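The lines below spell out each chain.
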Amino acid sequence: QTWHELAPVIAGLPVPVVMDHMAGILADQTGRDAAYRAVLRLLDGGRCWVKLSGYRASVAGYPYRDVTSLARRLAAHAAERCVWGTDWPHPNMHRHMPDDGELLDLLAGWIPDEARRRRILVDNPARLYGFDLPDGR
């Protein structure tokens, strides 16, 4: 099934939902793609989140630079509902094994603003998973 078919079911769930691996959207999919638009609508609903993770969305492969546009579009649309992850320990990898440090470096390129990166790396996961932050937030 595809996102536009699953979206009504997911939107009706009483719990937060995290769409892993850039919601399965590939780097070469455009903003006009039905699955991409369905993901944006789910993010707009306020209970869905998307995990920004660099390599599985890549069509070109290492060093995954083709994912930049997709990551930036998702973060621009709903930075308050984006979290980040490496997908460690990288199951089912049959090509280049990702380097987690390089994956974090990609995030810095996608989200150059330090405050927005902190939101994605710290504040959003704390809110999503109910973590207490050291500064009391």
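Provided above is the structure to which this section pertains.
In this text, all values refer to a predicted model and were calculated from it rather than measured experimentally.

Points about the packing of helix H1 (residues 3-11) against helix H2 (residues 34-44)
Where H1 meets H2, the closest approach of the two axes is 8 Å, and the angle between their N-to-C directions is 15 degrees. Of the possible angle classes, the one that applies to H1 and H2 is roughly parallel. Helix-helix and strand crossings are classified by hand; for H1 and H2 the assignment is right-handed. Residues Trp 3, His 4, Ala 7, Ile 10 and Ala 11 of H1 lie in contact with H2, whose contacting residues are Ala 34, Ala 35, Ala 38, Val 39 and Leu 42. Partitioning the contact of H1 with H2 into residue classes produces nine nonpolar, one polar and no charged.

Some thoughts on the sheet that holds strand E2 (residues 48-52)
Spatially, the three strands line up as an open sheet ordered E1-E2-E3, and their pairing is parallel. Edge positions in the open sheet fall to strand E1 (17-19) and strand E3 (82-84), since each of these has one partner strand only. Strand-to-strand twist across the sheet, computed as the mean angle between neighbouring axes with direction ignored, equals 35 degrees. Pairing of E2 with E3 involves three bridges; the strand directions are parallel.

Definitions and cut-offs
- Each chain has its residues counted from 1, running along the sequence as written.
- The predicted nature of this model means local features are confined to residues of pLDDT at least 70 and side-chain atom pairs, given and counted, to a pLDDT of 80 or more, with totals for whole chains, interfaces and linings taken over all residues.
- Excluded from the side-chain calculations are hydrogens and water; all other atoms, namely the structure's heavy atoms, are used.
- All axes are obtained by fitting lines to C-alpha atoms, using only the stretch in contact for helices, and the reported angles, taken between N-to-C directions, cover 0 to 180 degrees.
- Note on conventions: DSSP H or I runs of at least 4 residues are helices, E runs of at least 2 residues are strands, and numbering of each starts at the N terminus.
- The scheme is simple: roughly parallel for angles under 35 degrees, roughly antiparallel for over 145, roughly perpendicular for 65 to 115, oblique for anything else.
- It is the rotation of the near helix from the far one that decides the hand of a crossing: anticlockwise by less than a right angle makes it left-handed, clockwise makes it right-handed.
- By definition in these notes, contact holds between two residues if any of their heavy atoms fall within 4.5 Å.
- Amino acid classes used here: Ala, Val, Leu, Ile, Met, Phe, Trp, Tyr, Cys and Pro are nonpolar; Asp, Glu, Lys and Arg are charged; the rest, including Gly, are polar.
- Here, any two strands with at least 2 DSSP bridges between them count as paired.

Limitation: the analysis is restricted to geometry and does not speak to function.
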